[in-house]
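Each chain, letter by letter, is given below.
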Amino acid sequence: MIATANHQETLDAIDEKSEIGGRATAIIVDSQSIDPSFSDFAKEIHERRAGIPIAILADGKITIHGLDGKEPLPVQKALISLANSWRPEDPQVTVSGPADSVKMNEIRGTLERAGFQSDFVAEPTSEPTVKIKGCDPLINPTKTDLLRAFNIISSPTNGMDHRYDLVIIGAGPAGLSAALAACVNVGLSTLVIESNLLGGTATTSINPIDNYLGFPQGISGPRLARLAVQQIRVLNQTDFRLDLRAQCLRKDERNPGRYIIEVSSERGSEDVPLSAGMILLACGLKPRDLPLAKGSHIPDRGVYYSALPCDRYHEKDNSVVIFGGGDSAGRAALLFSKESRVSVVATYGFNRMSLRLQRDLEDARIATYKTHRVAGFVGDHQLSKVILEDVSSAPPRTLPIAATSAYILIGGTPDTKWLCPNQSGRRRGELKIDRDRSGYIKTDIYLRPYGGKLPFETSLPGVFAAGDVRVNSLRRVGQAVGQGVAAVASMERYAIKHPGILDDEDSPAYSWLRH
Ligand SMILES: Cc1cc2nc3c(=O)[nH]c(=O)nc-3n(C[C@H](O)[C@H](O)[C@H](O)COP(=O)(O)OP(=O)(O)OC[C@H]3O[C@@H](n4cnc5c(N)ncnc54)[C@H](O)[C@@H]3O)c2cc1C
């Protein structure tokens, strides 16, 4: 990689390298290079320097000149991918629209979890609009529209393959670290599917993650995810698909040893089954629900399962009730306490919350309920009250408290029912995976019989699990990252033993692992 100051220096560097047998494979230029002499420069490159492609990075848009329909070389592919994954570190983003609209809140939440800062302009009568400097405004954008605009995900169906060495289900820390290892260490052709946002639950953390190695000041979950995805996309061997939810696994009857993954998407039209030689289940945990009586009414608006820093805008002057006795609940309470009336309901006390946070709650004079449990919610469409019961009195005394919002931050639980079909599902060929009673996926030594499984291998051969969804997990980013890498080491051993599953001759792993 050579840095040059102007067009002439670039041409000289190309000539100098070619004199000693070197060859330039791509030129990357920024907006300042698009001066009046640029067209002569591009002509010179195309006519006399063998058509080296030029990637132009300008005003948030990327154009590639010079490939003229030719298939790019691998190094060019990597550079083009680098160019495509490029955006200014913090593009100038403005979100405008009615301050209290649910859609506005969704947009700001998506941007925040994806790691982008935005300015907000209240425009009570206009539709929610996102303006990114240098791009057309997005009016009432869906989550997928936003992610595409920010180049977080490449176009969906264009050139999308449906056959991979490895399909990773879940793009949290475990799935992302496995994607990187699968590419760098083994060369597997890999698809990562995700039903929500890249980065997993770590992107819902209010505070920076301060226990992950290498970031002395801590790092926000969204930023960590963005860096991870950038790192993977530079290598240009991993496909990502957001808004695809894995629905069930079946055997691939036409290709013994391989699996079919049925998926569903928001759009429906993209629900084409995927074929995988190996699968990694990195699907983490979903937020745990309150233990309400079956059929209890939950209003459409005002009940949430995560709290993000941007939520404080729409909670201004509201009455907020937070359920939970851990650090996440404590941090959310402090976040909202500056501008809203906040109560915290911790039915099992605060012993999972750090002492410092407990002291901060006291200092902020936040109302706490330690002997109360939830009995129900009131509000037809919008939440208006939370009904609590004081379990220290017999019979329990009912206590209604006014609430415009309730945040349920009581931990997570695995969402793995889809891996455990009932009898009718199984007749259609759906496969079942061993789980423990709470739904965590059993792997290797946790399986009975153990049967010589590889580390992280589930009860289905060639299907692995890593991160929070796996039995006995620690629920830490560091552990999820480590398990993703370790699972790929097992996959390498599995692929060597079962070479028939890698039947894609384009995959770099094909010849390497087969011999
Ligand atoms: C509020 C909060 C704060 C935290 N703070 C810290 C901290 O400071 N330090 C720390 O070490 N840990 C922290 N954690 C824990 C940490 O975030 C998790 O341990 C880690 O994210 C687990 O990674 P994972 O990849 O296993 O799963 P996840 O991060 O949960 O990712 C799983 C992904 O799979 C997707 N998925 C699920 N099912 C499907 C399906 N069927 N199809 C497609 N996709 C699917 C989900 O949408 C999700 O994105 C925190 C967690 C929370 C909730």
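As a starting point, this report considers the structure included with it. (Residues numbered from 1 in each chain as written. Predicted model: local features only at pLDDT ≥ 70, side-chain atom pairs only at ≥ 80, totals over all residues. Heavy atoms only, no water.)

1. Focus on the overall build of the protein
And then number 1: Within the protein, the regular secondary structure consists of 13 helices and 24 strands.
And then number 2: Burial status across the protein gives 48% buried among its 515 residues.
And then number 3: Long-range contacts, defined as pairs at least 24 residues apart, comprise 62% of the intrachain contacts of the protein with a sequence gap of at least 6. (Helix = DSSP H or I, 4+ residues; strand = E, 2+ residues; numbered from the N terminus. Buried < 20%, exposed > 50% of the residue type's maximum accessible area, 1.4 Å probe, protein only. Contact = heavy atoms within 4.5 Å.)

2. Considering the packing of aromatic side chains
And then number 1: Counted by the stated rule, this structure contains 5 aromatic pairs.
And then number 2: Note on F323 and F377: the rings are 6.4 Å apart at their centroids and 90° apart in plane angle, and the pair reads as edge-to-face. Separated by 54 residues along the polypeptide, F323 in strand 16 (residues 319–323) and F377 in strand 19 (residues 372–378) bring together distant segments of the chain.
And then number 3: A relative accessible area of 7% means that F377 is categorised as buried.
And then number 4: An aromatic cluster of at least three residues, connected via ring pairs, comprises Y304, F336 and Y407.
And then number 5: The ring centre of F116 lies 4.2 Å from the NZ or CZ of R226, which sits over that ring. (Phe/Tyr/Trp six-rings, centres within 6.5 Å; stacked < 30°, edge-to-face > 60°. Lys NZ or Arg CZ within 6 Å of the ring centre and 35° of its normal.)

3. Things to note about the pattern of salt bridges
And then number 1: Inspection of every chain in the model, using the stated rule, returns 6 salt bridges.
And then number 2: R373 is the partner of E389 in a salt bridge, and the nearest nitrogen-oxygen pair spans 2.9 Å. Residue E389 is located in strand 20 (residues 385–390), and its partner R373 is located in strand 19; the two are separated by 16 residues in the primary sequence.
And then number 3: Between D444 and R470 there is a salt bridge, with its nearest N and O atoms 3.4 Å apart. Note that D444 is positioned in the loop between helix 11 (423–427) and strand 24 (463–465) and R470 in the loop between strand 24 and helix 12 (477–497), a separation of 26 residues in sequence. Judged on exposure class, the residue D444 and its partner R470 are both buried. (Salt bridge = Lys/Arg side-chain N within 4 Å of Asp/Glu carboxyl O.)

4. Quick notes on the sheet that holds strand 20
And then number 1: Strands sit in the order 19-20-21 across an open sheet of 3 strands; the sheet is antiparallel. Where the open sheet ends on each side, the last strands, each with one partner, are strand 19 and strand 21 (397–402). This sheet shows a mean twist of 30° between the axes of neighbouring strands, independent of strand direction. (Pairing = 2+ DSSP bridges. Axes fitted to C-alpha atoms, helices over the stretch in contact; angles between N-to-C directions.)

5. Re the site of the ligand
And then number 1: Contacts to the ligand come from 33 residues, most closely from A174, E194, N211, D468 and V477.
And then number 2: T201 is positioned such that a nitrogen or oxygen atom in its backbone is 2.9 Å from an oxygen atom of the ligand.
And then number 3: Within the backbone of A202, an N or O atom sits 3.4 Å from an oxygen atom of the ligand.
And then number 4: Isolated, the ligand exposes 1,000 Å² of accessible area, and the fraction of that covered by the protein chains is 87%.
And then number 5: Put simply, the parts of the chain that give the shell around the ligand at least two residues each are helix 6 (173–186), strand 9 (190–194), strand 11 (244–251) and helix 12.
And then number 6: If one sorts the elements of the shell around the ligand by residue count, strand 11 sits on top with 3 residues.
And then number 7: Classifying every residue of the shell around the ligand by side-chain character gives 16 nonpolar, 12 polar and 5 charged. (Near = heavy atom within 4 Å. Polar contact = N/O pair within 3.5 Å; in protein donor to acceptor, adjacent residues only side chain to side chain. Areas by Shrake-Rupley, 256 points an atom, 1.4 Å probe, with all protein chains shown as cover. Nonpolar A, V, L, I, M, F, W, Y, C, P; charged D, E, K, R; others polar.)

6. A short note on the sheet that holds strand 5 (residues 119–122)
And then number 1: Reading across from one edge, 5-4-6-7 is the order of the 4 strands in this open sheet, with mixed pairing throughout. The two strands at the open ends of the sheet, each matched to only one other strand, are strand 5 and strand 7 (138–139).
And then number 2: In terms of strand pairing, strand 6 (residues 129–132) meets strand 7 through 2 bridges, oriented antiparallel. Counted as the bridge partner of V130 is L138 from strand 7.

7. Considerations on helix 1 (residues 7–19)
And then number 1: Taking 1.5 Å of rise per residue, 13 residues should cover 18 Å, and helix 1 covers 19 Å from first to last C-alpha, within 8% of that figure.
And then number 2: Along helix 1, the residues classified as buried are H7, T10, L11, A13 and I14. End-on, the buried residues of helix 1 take up no more than an arc of 160°, which puts them together on one face. When the buried face of helix 1 is taken as reference, the exposed residues oriented beyond 90 degrees from it are E16 and E19.
And then number 3: G21 occupies a position one or two residues after helix 1 and carries a positive phi of about 85°. (Expected span 1.5 Å × (residues − 1). Arc of directions from axis to C-beta.)

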